[in-house]
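The lines below spell out each chain.
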Amino acid sequence: MLRIAIQNKGRLNEDSIRLLKEAGIAVDDSKRKFLAKVNDFPMEILYLRDDDIPQTVAGGVADVGIVGLNEVEERGCNVDVVKHLGFGGCRISLAVPKNDEYESLDFFRGKRVATSYPNILSRFFERNGINAEIVTIAGSVEIAPAAGMSDAIFDIVSSGGTLVSNGLKEVERVFASEAVLIANPSLSAEKKEILDEFLFRFSAIERGRGMKYLLMNVPSEAIDKAIKILPAMRSPTVMPLAMDGWCSLHSVVNEKEMWEKIRQLKSIGAEGILVLSLDKIVL
Ligand code: PRT
Ligand code: ZN
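Residues numbered from 1 in each chain as written. Chains lettered and ligands numbered in written order. Predicted model: local features only at pLDDT ≥ 70, side-chain atom pairs only at ≥ 80, totals over all residues. Heavy atoms only, no water.

Novice: Can you help me understand the sheet that holds strand S13 (residues 237–240) in this one?
Specialist: Hydrogen bonding along the main chain pairs the strands of a sheet, whether they run parallel or antiparallel. Pairing is antiparallel in the open sheet, where four strands are placed in the order S13-S14-S12-S15. Two strands bound the open sheet, and with one partner strand each, they are S13 and strand S15 (271–277). Recorded for the sheet is a direction-independent mean angle of 20° between the axes of neighbouring strands. Of the pairings in the sheet, the one linking strand S12 (residues 211–219) to strand S14 (residues 246–254) comprises nine bridges and is antiparallel in character. If you follow leucine 214 over to S14, its bridge partner there is serine 251. Against the sheet, helix H8 (residues 255–267) touches S12, S14 and S15, its axis set at about 155° to S14. (Pairing = 2+ DSSP bridges. Helix = DSSP H or I, 4+ residues; strand = E, 2+ residues; numbered from the N terminus. Axes fitted to C-alpha atoms, helices over the stretch in contact; angles between N-to-C directions. Contact = heavy atoms within 4.5 Å.)

Structure below.
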């Protein structure tokens, strides 16, 4: 049994549950409990505040967890970052009142900076030889300058809208974050095996992301050209059609290249091109 800690509510909750569901782990989030078993996978889900996840995994109360890299870095817990998950992207930045003149980090010498991430910030200032006063507050950091509590802030930014609506401007991007899968460094062999199965499923999901399955009819004499346009994983599947002189060709293509490939395929005589969604790719 592998116990995974995920955020009980908040920004990472939905995507964490979606990831588990895509990996075939039937999470029943309708009857939300603190600790929930799943039916068809040896996993149980522990719902926690994100702040508590790194420590819970480091201490072995949970075996793995999904949490922002920012929380892992701030808390400095002994966990392995096993996988970057591609959601919950944000950055932690220094921001100052929009009318302040800002040229370099020297701005912060002797200033008060409000943040919920004092460890990341103090390490950053130390590396850069800046002596500033760090004011640690738990939430609503963006209002600290207007409230006279600080001269600047160090906080999470994603669109930047919160900074703008509080009369602030982003001046230094210090730490890039996204949701990560973390694990206790000393998992038993049995737990490691379950984690490997989970990671295997996750790679299949990742590989399938942005990929499309294409099928079309191609005149037999144009098959070589079509194969050059569509290299596919090993090589495209080619099957003869009942009608002489035509083949059916199947392949996988990245969505970004899809329209360009379709244009090229049409120009060599391909017809009846079908584009299908793709869920997972297992190599
Ligand atoms: O209750 P709990 O402690 O679990 O939740 P929380 O309130 O501490 O965290 P939550 O749900 O807000 O965020 C969880 C994680 O999501 C964070 O640790 C980050 O890793 C990630 N994340 C991604 C964000 C954002 N984007 C984000 N935009 N976390 C917070 N914000 C906030 C930010 O603090 C600021 O107030 O959104 C505002 C800025 O957004 P923009 O778009 O206006 O720039
Ligand atoms: Zn939190």
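Novice: Looking at this structure, I do not really get the domain arrangement of the protein. What am I missing?
Specialist: Interface size is commonly expressed as the accessible surface area that is lost when the partners come together. What the domain assignment reports for the protein is domain 1 (2–87 + 178–207), domain 2 (90–176) and domain 3 (210–277). For domain 1 versus domain 2, the distance between C-alpha centres works out to 30 Å. Domain 1 puts five residues into the contact, and the matching count from domain 2 is ten residues. Roughly 700 Å² is buried in total at the junction of domain 1 and domain 2, and carbon and sulfur atoms are behind 48% of that figure. Interface area lost by domain 1 to domain 2 is led by Asn70, Glu73 and Glu74, which between them contribute 77%. Viewed at the interface, domain 2 and domain 1 are joined by one salt bridge. Close ionic contact of glutamate 73 with arginine 123 constitutes a salt bridge, the shortest N to O distance being 3.6 Å. Applying the counting criterion to the domain 1 and domain 2 interface returns five residue pairs in polar contact (both at pLDDT 80 or more). For the side of domain 1 that touches domain 2, a count of residues per class yields one nonpolar, one polar and three charged. (Domains from an automatic or database assignment. Buried area = accessible area lost by both parts, 1.4 Å probe. Salt bridge = Lys/Arg side-chain N within 4 Å of Asp/Glu carboxyl O. Polar contact = N/O pair within 3.5 Å; in protein donor to acceptor, adjacent residues only side chain to side chain. Nonpolar A, V, L, I, M, F, W, Y, C, P; charged D, E, K, R; others polar.)

Novice: Mind showing me how you'd approach the coordination of the zinc ion (ligand 2) here?
Specialist: Between any two of four tetrahedral donors, the ideal angle at the metal is 109.5 degrees; between two of six octahedral donors, it is 90 or 180 degrees. Donor atoms from the polypeptide that coordinate the zinc ion (ligand 2) comprise Asp50 (OD) and Asp51 (OD), at 1.9 to 2.1 Å from the metal. Taken together, the four donor atoms coordinating the zinc ion (ligand 2) span angles of 73 to 175° at the metal, a pattern that classifies the geometry as irregular. (Donors = N, O, S within 2.8 Å, 3.2 Å for Na, K, Ca; no water. Tetrahedral: all angles 85-135°; square planar, octahedral: opposite > 155°, others 65-115°.)

Novice: Looking at this model, I keep getting lost on the environment of asparagine 70. Mind explaining?
Specialist: With respect to the element layout, asparagine 70 can be found in helix H3 (residues 69–75). Residue classification places asparagine 70 among the buried residues on the basis of a relative accessible area of 6%. Residues asparagine 70 and serine 177, 107 residues apart in the sequence, show an inter-C-alpha distance of 5.7 Å. Excluding its chain neighbours within four sequence positions, the residues that come into contact with asparagine 70 are Ile92, Tyr117, Ile120, Ile156, Phe175 and Ser177. In this structure the side chain of asparagine 70 is engaged in a polar contact, spanning 2.9 Å, whose partner is the side chain of tyrosine 117. (Buried < 20%, exposed > 50% of the residue type's maximum accessible area, 1.4 Å probe, protein only.)

Novice: Looking at this structure, how should I read the site of ligand 1?
Specialist: As a matter of local geometry, ligand 1 sits amid 21 residues, with Asp51, Asn70, Ser159, Gly160 and Thr162 nearest to it. Separating an oxygen atom of ligand 1 from a side-chain N or O atom of aspartate 50 is a distance of 2.8 Å. Contact between ligand 1 and aspartate 51: an oxygen atom at 2.6 Å from a side-chain N or O atom of the residue. For ligand 1, the protein covers 79% of the area, taking 840 Å² as the surface of the free molecule. (Near = heavy atom within 4 Å. Areas by Shrake-Rupley, 256 points an atom, 1.4 Å probe, with all protein chains shown as cover.)

Novice: What exactly am I supposed to notice about the pattern of salt bridges here?
Specialist: Pairing is possible between side chains of opposite charge, provided their charged atoms come close. For the structure shown, the criterion picks out 18 salt bridges. Note that glutamate 197 is salt-bridged to arginine 201, the shortest N-O span being 2.8 Å. Here arginine 201 and glutamate 197 lie together in helix H6 (residues 189–208), a separation of four residues that amounts to about one turn. Assessed through its relative accessible area of 24%, arginine 201 is described here as partly exposed. It is possible to trace a salt-bridge network through shared partners that takes in Asp15, Arg18, Glu22 and Arg209.

Novice: What's the story with helix H1 (residues 13–22) in this structure? I'm lost.
Specialist: Buried within H1 are the following residues: Asn13, Ser16, Ile17, Leu19 and Leu20. The buried side chains of H1 occupy one side of the element, clustering within an arc of 155° when seen end-on. In the core, the buried residues of H1 are packed alongside strand S1 (2–7), strand S3 (43–48), strand S4 (64–68) and H6. Glycine 24 sits one or two residues past H1 and shows a positive phi near 80°. (Arc of directions from axis to C-beta.)

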